[in-house]
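# Fold and geometry: a report
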Amino acid sequence: MVKNLSEEGSDKIDWDTEDELEIQEIQDAIFSSCRDLRTTGQHALSGDGEASSSSVPCRLSKFIQQFVVMGFSEESIAKAIEQNGENSDLVLDALLTFKVIEDSPAEQPTASPQLDPSISSDDSYSEYNENFLDDVYEEESWSSDSDNRICYLKDESSSLSENEQTLLSLANMGYPVEEVSIAMEICGKEASLAELTDFICAAQMSRAEDPYLPEDVKPKLKHISNDSGGYKKRKMFNQLCKGKKQRTIFDGDPISLPKPMIGFGVPTVSGPAMVRRTLPKKAVGPPFFYYENVALAPKGVWDRIASHLYDIEPEFVDSKYFCAAARKRGYIHNLPVEGRFPLLPLPPRTINEALPLSKRWWPSWDTREHLNCLQTAIGSARLTDRIRKAVEDVDGEPPMRVQKYVLEQCRKWNLVWVGRNKVAPLEPDEVEMLLGFPKNHTRGGGISRTDRYKSLGNSFQVDTVAYHLSVLKDLYPEGINVLSLFSGIGGAEVALYRLGIPLKNVVSVEKSEVNRNIVRSWRENTNQRGNLIDFDDVQQLNGDCLEQLIDSFGGFDLVIGGSPCNNLAGSNRVSRDGLEGKESSLFFEYPRILDLVKNIMSGGR
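Residues numbered from 1 in each chain as written. Predicted model: local features only at pLDDT ≥ 70, side-chain atom pairs only at ≥ 80, totals over all residues. Heavy atoms only, no water.

## So, the nonpolar core
- Of all hydrophobic cores here, the largest spans 67 residues; its most connected members are Val-406, Leu-469, Leu-472, Ile-480, Leu-496, Leu-558 and Ile-560.
- Considering each element in turn, this core owes the most residues, six residues, to helix H14 (residues 400–413).
- One finds Met-261, Tyr-291, Trp-302 and Ile-550 within the second-largest nonpolar core, a separate group that totals 39 residues. (Core = buried A, V, L, I, M, F, W, Y, C linked by side-chain atoms within 4.5 Å. Buried < 20%, exposed > 50% of the residue type's maximum accessible area, 1.4 Å probe, protein only. Helix = DSSP H or I, 4+ residues; strand = E, 2+ residues; numbered from the N terminus.)

Next up, the structure:
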């Protein structure tokens, strides 16, 4: 999600999460010229009289004008500065909060206190992976006459539609026009500036930390100067919209998924499910194989995946039927579907069962029973503090607009209640438990909390996968030889181990050194006696390499893995290029290697 945290052995531990630190860098860059203006701003915006141009320094007019450019009213800016002084971060938080309140549906008059202006979500992260464009917006220099400039801005923006004004405002904040357009499309026309900036920042930060993305194409955080700014005229706006860089987003809606999403059956739900199936002839025979990826891929992707895997029908399963968190995934495999059994004991399947200590603090208006998909990133401490202030400033049950905001953020970031009016992100060991890994599984590699979240977010849900693999237990009582492609933190190996299937030989292919270290540590902790052979690149597995491996221990019994979902995930609307995407195109390595293994083992090579 973000860069490494402070060294745990340091005498002075920085308890800020890395997402906060990186967001702070952006905010400091945007507002670097607006510090130390508290006293001046109070005089300039006081009600005692208008400040003349000679009494208002140029830097103060820039401080005010940067918020006018964003689309905020002078009245709101004055109110925000009166409450917070010339602290740019707090002023922006307050303005975004005023915007959220103004956009909320009107409620019946009550005596409830006003929503605290610090509530915002502009510094949280999510698992988005996006391409970045150069900021092509050309800016005019500010006039030294602030009053004339403000009037000019009003005149210029008056001819624009509401959506155009929003886009132009965010462009002046430093966001590339294309990213703003995509954020507005996904978040909806009614989305507030807070929601739009949250979406864009989340996408930028998450992609910057993507372990599969080459460094030369990762986004660079740009320091945006405050020395210039302002609007171009409508002509410039039209030129921007027409001239923005074209990209390819996979057309069409996501695949229509079955409801309930129980595949060929799950142990906790009785309902219609396929008990038997007939595999294409070319899919039968050694080895068994098992492929996984996100279910909500663009339309046509799963048909194409299936066409490369012997036209086998995908099995779509949501892991909420196995644990307390949703995880919608598709699986293509040639395993038997009869005789499956779950890992015991069955894991808890509601939030209160999985996290019983949170039940004491859970408010009645938070009706969640399941967590959303566990991703590679978490909400920041600053976000949770804003939520606390918003809730605790109200006597009794919060008004609907506050409840709506808090629930949206809790669902988005899987926040849970840990005290009176206090929410917090899941701890790494809680995520491990929900995904079926042993406690401290990701701690064994000696990595940071940030890397632990990232590794877990890209992993299998072990209980789900183990249920599908359980049919192998009677087939391989003496142990199994596994080729694990894109093996991550060893979800397949953990599932087989928990099923009681000995791991004789494991060939593991994983790009991330962090993940490889986690797997090695797990093997040591569980006293694995089999052999582990590591590769860091699937392209190293050519015919000669595979033939040597197969000759050394007699062949593979299972080929398992899930290729990167970066360009398939529904949250990614910039580089959601399907299987043509730079990362997700690695899928084609899976059928290539599988075909080679089948041919070698059948004597065809």
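## Let's talk about helix H8 (residues 177–187)
- In terms of residue burial, H8 counts as a mostly covered element, since eight of its 11 residues are buried.
- For H8, every residue scored as buried is listed here: Val-177, Glu-178, Glu-179, Val-180, Ser-181, Ile-182, Ala-183 and Met-184.
- Directly after H8, the chain includes Gly-188, whose backbone phi takes a positive value near 100 degrees.

## Remarks on the packing of helix H13 (residues 381–392) against H14
- Taken N-terminus to C-terminus, the directions of H13 and H14 make an angle of 155 degrees; their axes are 10 Å apart at the nearest point. What the angle tells us is that H13 and H14 run roughly antiparallel. Considering how the two elements wind past one another, H13 and H14 form a crossing that is left-handed. Here H13 contributes Leu-383, Ile-387, Ala-390 and Val-391 to the contact with H14, which in turn contributes Val-402, Tyr-405, Val-406, Gln-409 and Trp-413.
- Class assignment of the residues belonging to the contact of H13 with H14 gives a composition of eight nonpolar, one polar and no charged. (Axes fitted to C-alpha atoms, helices over the stretch in contact; angles between N-to-C directions. Parallel < 35°, antiparallel > 145°, perpendicular 65-115°, else oblique. Left-handed = near helix turned anticlockwise from the far one by under 90°. Contact = heavy atoms within 4.5 Å. Nonpolar A, V, L, I, M, F, W, Y, C, P; charged D, E, K, R; others polar.)

## Regarding the packing of helix H20 (residues 543–553) against helix H21 (residues 589–601)
- At a minimum axis separation of 10 Å, H20 and H21 run at an interaxial angle of 50 degrees. Between H20 and H21, the interaxial angle falls into the category oblique. Here the hand of the crossing between H20 and H21 comes out right-handed. Between H20, through Gly-543, Leu-546, Glu-547 and Ile-550, and H21, the contact on the second element is made entirely by Ile-593, Leu-596, Val-597, Ile-600 and Met-601.

## Side note on the sheet that holds strand S1 (residues 288–294)
- Spatially, S2-S3-S1-S9-S6-S7-S8 is the arrangement adopted by the seven strands of the open sheet, whose pairing is mixed. The open sheet has two free edges, formed respectively by strand S2 (315–318) and strand S8 (531–535), since each of these has just one partner strand. Ignoring strand direction, the axes of neighbouring strands in this sheet form an average angle of 20 degrees.
- Of the pairings in the sheet, the one linking strand S6 (residues 480–485) to strand S9 (residues 558–561) comprises four bridges and is parallel in character. The partner of Val-482 across the bridge, within S9, is Leu-558.
- Sheet contacts for helix H19 (residues 513–525): strand S7 (503–509) and S8; angle to S8, the most-contacted strand, approximately 175 degrees. (Pairing = 2+ DSSP bridges.)

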